[in-house]
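Chain and residue survey
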Amino acid sequence: SMSRGLGDVYKRQNIFFILLFYFSSIASVSAEAGELLRAIERVLAQSDYALDLQDNIVFSKMDVASVEHRFVTKVVPLTNVGFTQGTGSQQVGLEFRKETETGGTVAYGAVGDRLDQDSDYVVKNARTARAYVRVSQGLFRRWGKEYNLAELNAAQLRVREEEITTERARQALILDTVRKYYDLVLAGQLVMKSEQALNRSRKHLESAQSRQAVGLVSKVDVYRAELAALDAEKSLQNRVRQKNRALDSYRELLRLSEAEKVTYGKKIIKMEPVVSESWVEDLLKTRLDCQAHQVSVEVSRIELAKAEQDLSPDVGLSFTLEQKGEGETVEDAIVLDQTNWSVQLEMLSSFD
């Protein structure tokens, strides 16, 4: 019974040590992964390249906002104040103008005119006022949403293309960070191995010198041990220089100052990729460069369609309805007791 009790104790101790080793290994792996993840987060947050990628997306969105502004209602001042010799005029007014997606323009506003009478001519009804609505529509060139929204659609697609390109660049940046991180870890391990090799060479040299002193080995063995120690010292110096270069490159990537301490793990974690069974079918969906190419093709198609429609003449049809008033005073003019309308067909493009 005593041996059985001691056996149970030993079993429990073995299980305890196995569990302790297992959990310590997990903690070590998680610590290594934590250092790497912190490095990746810092690179993506504050590295120069990551900031440039963010700026590119902002610039693309600004281009979209600039094109969208074309379809926003604009306030156009209709003001002309001046003095001329003879008969002159001054005008004060305001117009609200909005372009539609189908190529039409809706404008409405009010304007007042004043004619000078410093001349030999007698001017009747020197004050006029008008309130009007004008609707115009392009017939050939500016007809249809596909043409008028071409710039907006292309700008939105470029934002999508920039986002895809940025994501691909972020992945490349993460890969570069992982490489430089493990370059530093590997350089640190090689320095440690070189230090151990140097210590062994020095101990071997001391042993050779002691054995040569009592006549057990020849002087040649001592020379060989000295050369081995020198080679180990040279190898250590090279490893230290490699580690310093890896450290400088890592600092530059993370934008770390000289005063900031660099922390990194001591082990290289094995990474196992996860590949789905349908990777061939999903290749075009997962490859970001293929997605960016498809977006670029769509942008080219939109620009080509717009360029082809630009070959058509720019003919516009407009309809205007206005209420007009005239008189010698402003009070008489703002009565607006006249109704006028007009229909016009305009050729807005040249013959070149």
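Our subject in this report is the structure included herewith.

Calculation notes
Residues numbered from 1 in each chain as written. Predicted model: local features only at pLDDT ≥ 70, side-chain atom pairs only at ≥ 80, totals over all residues. Heavy atoms only, no water. Helix = DSSP H or I, 4+ residues; strand = E, 2+ residues; numbered from the N terminus. Contact = heavy atoms within 4.5 Å. Patch = residues over 30% accessible without salt bridge, like charges linked within 9 Å, V, L, I, M, F, W, Y side chains within 5 Å. Areas by Shrake-Rupley, 256 points an atom, 1.4 Å probe, with all protein chains shown as cover. Salt bridge = Lys/Arg side-chain N within 4 Å of Asp/Glu carboxyl O. Buried < 20%, exposed > 50% of the residue type's maximum accessible area, 1.4 Å probe, protein only. Pairing = 2+ DSSP bridges. Axes fitted to C-alpha atoms, helices over the stretch in contact; angles between N-to-C directions. Expected span 1.5 Å × (residues − 1). Parallel < 35°, antiparallel > 145°, perpendicular 65-115°, else oblique. Left-handed = near helix turned anticlockwise from the far one by under 90°. Nonpolar A, V, L, I, M, F, W, Y, C, P; charged D, E, K, R; others polar. Arc of directions from axis to C-beta.

1. What about the environment of Lys145?
Mapping Lys145 onto the fold places it in helix H3 (residues 145-148). For the pair Lys145 and Thr102, spaced 43 residues apart in sequence, the C-alpha separation works out to 4.9 Å. Sequence-distant contacts of Lys145, that is, excluding residues within four places in its chain, are made with Glu101, Thr102 and Ala150.

2. Quick notes on a nonpolar patch on the surface
Taken together, the side chains of Leu139, Phe140, Leu317, Phe319, Leu321, Trp341, Val343 and Leu345 present a nonpolar region at the surface, about 820 Å² in accessible area. Among the elements of the structure, strand S5 (315-327) and strand S6 (338-347) are those that each provide at least two residues to the nonpolar patch. With respect to the helices and strands, Leu317 occurs in strand S5. Using a relative accessible area of 36% as the deciding quantity, one classes Leu317 as partly exposed.

3. Some thoughts on the sheet that holds strand S3 (residues 104-115)
Spatially, S1-S2-S3-S4-S5-S6 is the arrangement adopted by the six strands of the open sheet, whose pairing is antiparallel. Of all the strands in the sheet, just strand S1 (74-77) and S6 have a single pairing partner and so form its edges. For this sheet, the mean inter-axis angle between neighbouring strands, taken without regard to orientation, is 15°. Judged from the four bridges that link them, S1 and strand S2 (residues 89-99) form a sheet pairing that is antiparallel. Paired with Val76 across the bridge in S2 is Glu95.

4. Focus on helix H5 (residues 219-254)
With 36 residues, H5 extends 52 Å between its outermost C-alpha atoms, agreeing within 8% with the 52 Å of an ideal straight helix rising 1.5 Å per residue. When we look at burial in H5, the residues that qualify are Val222, Ala225, Ala229, Ala232, Leu236, Ala246, Leu247, Tyr250, Arg251, Leu253 and Leu254. Immediately beyond the C-terminal end of H5, within one or two residues, lies Arg255, with a positive phi of roughly 55°.

5. Considerations on the packing of helix H4 (residues 150-213) against helix H7 (residues 288-309)
Contact geometry for H4 and H7: axes closest at 9 Å, N-to-C directions at 165°. Between H4 and H7, the interaxial angle falls into the category roughly antiparallel. Here H4 and H7 pass one another in a crossing that is left-handed. Residue composition of the contact of H4 with H7, grouped by class: nine nonpolar, five polar and ten charged.

6. Focus: helix H2 (residues 48-68)
If you check H2, its first and last C-alpha atoms are 30 Å apart, about what 21 residues at 1.5 Å a residue would give, namely 30 Å. Looking at H2, one finds that the buried residues are Ala50, Leu53, Ser60, Val64 and Val67. One face of H2 carries all of its buried residues, which in axial projection span an arc of 110°.

7. A word on the packing of H2 against H4
Relative placement of two packed helices is described by the angle separating their axes and the distance separating the axes. Two elements in contact, H2 and H4, have axes whose closest approach is 9 Å; the angle formed by their N-to-C orientations is 170°. Classified by the interaxial angle, the pair formed by H2 and H4 is roughly antiparallel. Along the contact surface, H2 presents Tyr49, Ala50, Leu53, Asn56, Ile57, Ser60, Lys61, Asp63, Val64, Val67 and Glu68, while H4 presents Glu151, Leu152, Ala155, Gln156, Arg158, Val159, Glu162, Glu163, Thr166, Ala169, Arg170 and Leu173. When grouped by side-chain class, the residues that make up the contact of H2 with H4 number eleven nonpolar, four polar and eight charged.

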